[in-house]
2 protein chains.
Amino acid sequence: MSEDSQGGGLACPVPITQYPQVLLAHGGGGRLTHQVIEKIFLEAFRSGELESRHDGAVVEVPGKRLAFTTDSYVVRPLFFPGGDIGSLAVHGSVNDLAMCGARPLFLSAGFILEEGLPMESHWRIACSMKAAADAAGVRIVTGDTKVVERGKGDGVFINTAGIGVIEHGLAIVPASVRPGDAVLLSGDVGRHGIAVLSAREGLAFESEIQSDSALLSGIVLDLLAAGLEIHCLRDLTRGGLATALVEIAEASRTHVQIDESRIPVREDVQGACEILGFDPMYVANEGRFIAFLPQSQADRALDILRRHPLGREALLLGSVLPQGEPGIVTMRSKIGALRIVDMLSGEQLPRIC
Amino acid sequence: MSEDSQGGGLACPVPITQYPQVLLAHGGGGRLTHQVIEKIFLEAFRSGELESRHDGAVVEVPGKRLAFTTDSYVVRPLFFPGGDIGSLAVHGSVNDLAMCGARPLFLSAGFILEEGLPMESHWRIACSMKAAADAAGVRIVTGDTKVVERGKGDGVFINTAGIGVIEHGLAIVPASVRPGDAVLLSGDVGRHGIAVLSAREGLAFESEIQSDSALLSGIVLDLLAAGLEIHCLRDLTRGGLATALVEIAEASRTHVQIDESRIPVREDVQGACEILGFDPMYVANEGRFIAFLPQSQADRALDILRRHPLGREALLLGSVLPQGEPGIVTMRSKIGALRIVDMLSGEQLPRIC
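Residues numbered from 1 in each chain as written. Chains lettered and ligands numbered in written order. Predicted model: local features only at pLDDT ≥ 70, side-chain atom pairs only at ≥ 80, totals over all residues. Heavy atoms only, no water.

Asks: Please explain the overall build of chain A as it appears in this structure.
Replies: Within chain A, the secondary structure is distributed over ten helices and 14 strands. Taking 20 Å as the expected radius of gyration for a compact globule of 353 residues, we find that chain A reaches 20 Å, a close match to that expectation. For the C-alpha atoms alone, the extent of chain A along its principal axes is close to 55 × 55 × 45 Å. Here chain A, with 353 residues, has 64% of them falling under the buried criterion. Of the contacts formed within chain A by residues at least 6 apart in sequence, a portion of 84% connects residues at least 24 apart. Total accessible area on chain A is roughly 12200 Å²; 49% of this is exposed by carbon and sulfur atoms. (Helix = DSSP H or I, 4+ residues; strand = E, 2+ residues; numbered from the N terminus. Rg over C-alpha atoms; globule rule 2.2 N^0.38 Å. Buried < 20%, exposed > 50% of the residue type's maximum accessible area, 1.4 Å probe, protein only. Contact = heavy atoms within 4.5 Å. Areas by Shrake-Rupley, 256 points an atom, 1.4 Å probe, with all protein chains shown as cover.)

Written out as structure tokens, the structure reads:
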């Protein structure tokens, strides 16, 4: 077959002399992941929804605004303190819908099983998905199962896609972020990544660190129900808090500034990060998010967040500078110095979600 | 963690003494695939939409009837005569929406890449998806990319989920099939499976057999536009024509009877099947479907099908017997004998889609 018949005649835009092959770091959520997404995904597929660089697409079927999202889950190990690949696959896609400001309604579930997977593991994972879906008030309405040969997969990979309905008139996307906005953070960071890594590597810390994996739809719907003018929401998954901030600053061409001393990190997570050489700002979470909204509404938003079990420690993390440098994030360190926060350029923790 | 915390306290319903582990045949589309779906998927997730045993779910968001579907694609090799994993991933999910009688609107794309995949293959596949999506008039609006270590995947796996809108009042599901219905077949069978297998195994037949992979949304929308009372549609993917017929007979508790002599199989496909020991009735297609509708509308439907390039050879394959045995398919063979058609019990061609 000719290249033309396969690729519609478009030349490959990736500098293939630099990265002729996929690296693990291309999946790490950092700079290289963004490069693949921009050079391949956006370039090939081009659509307004993709350009918005959000966690899901907001699409219009005649008369209805819907959110649509997808994520594949390849976390290793399949079971970890505080969750498993099944609950994660539901939480992740429900949270992506929530980050679009949508009420989650329906999920699909696609399984890629590796020959030899214990059938009981498959069952436990399916039940865990069901329990998480029930808790979220969403229904798993369609699915698919494929099997690949032993050594061509890794136990089970799950894809979930989600549909939610948008019941307000806000455009909750990076492009809505405005100079002067407050940046709120819903709670402590770094637990999911450390929980998965310690399960994977058999690390024992003084106390077992549990993943923060949780459903964010309830707390987000609380914010929306209060009529707050939310500009953007983002959950802090692959690449952690730092990557989420940089993504939004870049996509909105604004300058976000935060205070390092305000970032809540549990002592055991901080200790584990120090031992492992990780910066908790870059470690994945699965139940934490940031919210951008007008400074004048920050206190009301914090009140609402703190009334929810998942937002008790919610705080004002920083703000969008009125006259900053477009597309950057700066952080005032604990000793007062100002430094630029960037995405990871490579891979910190592969297969964290 | 206790079983309870993982599995919501449900006991595993699979006879794990018989199949304690996932077998390749659990992905083959035959009896074992159905067992996994029934014992794990339906048991764990229970929902009316899943119970309908259709290619996608029809869901209601206030005021709108939508179809929602998902499929993961693990075809090997990635490129084969007549298509590649990218075009297949679009055709497959668009076709599932079409089988729900929906107009396809949006797709998601989730990639699981194996470390080491040539970046150019990724690009070619993405471009192929884009070309297929354009041809279908659907937009790829959201996506995700994960990377797994070398040896933990197989080049690339793709999941696509799709949303379509239903613009008529019909319930196009197996449960709508009625005694007396005509069963129409849109064209010849067996090409996709043989094309993929010959590419995989390096088999050379006299002529290159091309996959029939194609978009069925146009031809189905033609049928719907004519106001025909379509009862059920099913594309003939994994497990082929035989499995699709048995699935519908079982789900509708009807007796379907077909004529073997009417099944169109191209001479080169027939020859390849004989060499390989396959029955073309069980070989996967990606651009063929069957339709159930009242006998009185069969001629009009055939006229419409035959006007479309993908339906030129459309024909009346059989009927739903007025007084048959519920849940079975029988076939009158070329020599006049009547035999029961069953699903495959095991695996014929792994990783065909």
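There's more to say after this.
Asks: Please clarify how the packing of helix α6 (residues 191-201) of chain B against helix α9 (residues 267-276) of chain B should be interpreted in this entry.
Replies: Helices that pack against each other are described as a pair by the angle of their axes relative to one another and the distance between those axes. All names here are of chain B. At a closest axis distance of 10 Å, the pairing of α6 and α9 adopts a crossing angle of 60 degrees. Classified by the angle between their axes, α6 and α9 sit oblique to one another. In the crossing of α6 with α9, the sense of the turn from one axis to the other is left-handed. Counted together, R191, I194 and L197 of α6 and V269, A272, C273 and L276 of α9 form the full contact between these two elements. (Axes fitted to C-alpha atoms, helices over the stretch in contact; angles between N-to-C directions. Parallel < 35°, antiparallel > 145°, perpendicular 65-115°, else oblique. Left-handed = near helix turned anticlockwise from the far one by under 90°.)

Asks: I keep staring at the interface of chain B and chain A and nothing clicks. Help me out?
Replies: Size of an interface, as often reported, equals the accessible area lost when the parts are brought together. Taken residue by residue, the interface counts 99 residues in chain B and 99 residues in chain A. Here chain B and chain A share an interface that buries about 8500 Å² over both sides, 67% of which is from carbon and sulfur atoms. A per-residue breakdown of the area chain B buries against chain A is headed by V22(B), M119(B) and W123(B), which together make up 10% of the total. At the junction of chain B with chain A, the criterion picks out ten salt bridges. (Buried area = accessible area lost by both parts, 1.4 Å probe. Salt bridge = Lys/Arg side-chain N within 4 Å of Asp/Glu carboxyl O.)

Asks: I keep staring at the relation of the copies chain B and chain A and nothing clicks. Help me out?
Replies: For these two chain copies, the linking operation is a rotation about an axis paired with a shift along it. Screw-axis analysis of chain B against chain A gives a translation of 0.0 Å along the axis, an RMSD of 0.0 Å, and a rotation angle of 180 degrees. With respect to symmetry, the two chain copies, as superposed, fit the operation of a two-fold axis. Ranked by how close their C-alpha atoms come to the rotation axis, the residues of chain B are headed by G153(B), at 2.2 Å. Here 100% of the contact residues of chain B are again contact residues in chain A; the copies associate through an equivalent surface. (Least-squares fit on C-alpha atoms with pLDDT ≥ 70 in both.)

Asks: When you look at the sheet that holds strand β5 (residues 103-114) of chain A in this model, what are you seeing that I'm missing?
Replies: Strands in a sheet are paired, the pairing made by backbone hydrogen bonds, and the direction either parallel or antiparallel. All names here are of chain A. An order of β1-β2-β7-β5-β6 is seen for the five strands of this open sheet, with the pairing classed as mixed. Edge positions in the open sheet fall to β1 (57-61) and β6 (139-148), since each of these has one partner strand only. Put simply, the sheet's adjacent strands are angled 20 degrees from each other on average, direction ignored. Inspection of the sheet shows β5 paired to β6 by nine bridges, in the parallel sense. Bridged to S108 within β6 is T142. (Pairing = 2+ DSSP bridges.)

Asks: Looking at this model, I keep getting lost on the state of the cysteines. Mind explaining?
Replies: Applying the stated rule across the entire model yields zero disulfides over all chains. Free cysteine C100(A): the closest other cysteine sulfur is in C232(A), separated by 9.5 Å. Exposure remark for C100(A): the relative accessible area of 2% places this residue in the buried category. The thiol sulfur of C353(B) is not disulfide-bonded, and the nearest other cysteine sulfur, from C273(B), lies at 17 Å. (Disulfide = S-S within 2.5 Å.)

Asks: What is the right way to read the pairing of strand β11 (residues 289-294) of chain A from this model?
Replies: Walk down a regular strand and you will see the side chains alternate between the two sheet faces. Residue and element names in this part refer to chain A. For β11, a buried count of six out of six residues is recorded, marking the element as mostly surrounded by other parts of the structure. Direction of pairing for strand β8 (residues 181-185) relative to β11: antiparallel, over a ladder of five bridges. Each bridged residue has a counterpart across the sheet, and for L185 the counterpart in β11 is I290. Inspection of the sheet shows strand β9 (residues 232-235) paired to β11 by four bridges, in the antiparallel sense. Bridging across to β11, C232 finds its partner in F292.

Asks: Please clarify how the confidence of the model for chain A should be interpreted in this entry.
Replies: The predicted coordinates of low-pLDDT regions are not to be read in fine detail. Residue and element names in this part refer to chain A. Per-residue confidence for chain A gives a mean pLDDT of 90; residues scoring 70 or more make up 94%. Counted against residues more than four places away or in other chains, residues 1-8, with its pLDDT under 50, gives 20 contacts. Both scores are available for the predicted complex, with the pTM at 0.91 and the ipTM at 0.91. (pLDDT = per-residue confidence, 0-100.)

Asks: Sorry, what's going on with the pattern of salt bridges here?
Replies: In a structure, side chains of opposite charge can pair up when their charged atoms sit close to one another. Inspection of the entire model under this criterion finds 28 salt bridges over all chains. The salt bridge partner of D71(A) is K146(B), with a shortest N-O separation of 3.3 Å. Of this pair, D71(A) sits in strand β2 (residues 64-73) while K146(B) sits in strand β6 (residues 139-148), which puts the two residues in different chains. Judged by relative accessible area, which is 3%, K146(B) ranks as buried. E247(A) is the salt-bridge partner of R234(A), the closest N and O atoms lying 2.5 Å from each other. You can see R234(A) sitting in strand β9 and its partner E247(A) sitting in helix α8 (residues 240-252), a full 13 residues away along the chain. One network of salt bridges, in which partners are shared, links R76(A), D154(A), R351(A), E149(B) and K152(B).

Asks: Which parts of the structure should I look at to understand the environment of P62(A)?
Replies: Tracing the backbone through its elements, the reader meets P62(A) in the loop between β1 and β2. Along the primary structure P62(A) and D144(A) are separated by 82 residues, whereas in three dimensions their C-alpha atoms are 28 Å apart.

Asks: Explain the packing of aromatic side chains here, please?
Replies: Pairs of aromatic rings are described using the distance from one ring centre to the other and the angle between the two planes. Enumeration according to the criterion identifies two aromatic pairs over all chains in this entry. Between F68(A) and F68(B), the ring centres sit 6.4 Å apart and the planes meet at 75 degrees, which makes this aromatic pair edge-to-face. One end of the pair, F68(A), is in strand β2; the other, F68(B), is in strand β2 (residues 64-73), on a second chain. On the numbers, 6.3 Å between centres and 45 degrees between planes, the contact of F157(A) with F157(B) is tilted. In this pair, F157(A) sits in strand β7 (residues 156-165) while F157(B) sits in strand β7 (residues 156-165), so the two residues belong to two different chains. The pair formed by F157(A) and F157(B) is uniform in burial state, with each residue classed as buried. (Phe/Tyr/Trp six-rings, centres within 6.5 Å; stacked < 30°, edge-to-face > 60°.)

Asks: I keep staring at helix α7 (residues 217-225) of chain A and nothing clicks. Help me out?
Replies: Residue and element names in this part refer to chain A. Of the residues making up α7, those classed as buried are S217, I219, V220, L221, L223 and L224. Looking at the buried residues of α7, the elements they touch are α4 (85-99), β5, β9, β11 and α10 (298-307). Positive phi shows up at G227, right after α7, with a value of about 75 degrees.

Asks: Teacher, can you tell me more about α10(A) here?
Replies: In an α-helix, one turn spans 3.6 residues; hence positions three or four apart end up facing the same way. Residue and element names in this part refer to chain A. Burial in α10 covers these residues: A298, A301, L302, I304 and L305. End-on view of α10: buried residues confined to an arc of 165 degrees, all on one side of the axis. Of the residues in α10, the exposed ones pointing more than 90 degrees away from the buried face are D299 and R307. (Arc of directions from axis to C-beta.)

Asks: What's the story with the packing of α7(A) against α10(A) in this structure? I'm lost.
Replies: Residues and elements named next belong to chain A. Close contact between α7 and α10 brings their axes to 10 Å; oriented N to C, the two are set at 145 degrees. Taken as a pair, α7 and α10 cross one another with a handedness that is right-handed. Counting all contacts with α7, which are made through I219, D222 and L223, the residues of α10 involved are A301, I304 and L305. Of the residues belonging to the contact of α7 with α10, the class tally is five nonpolar, no polar and one charged. (Nonpolar A, V, L, I, M, F, W, Y, C, P; charged D, E, K, R; others polar.)

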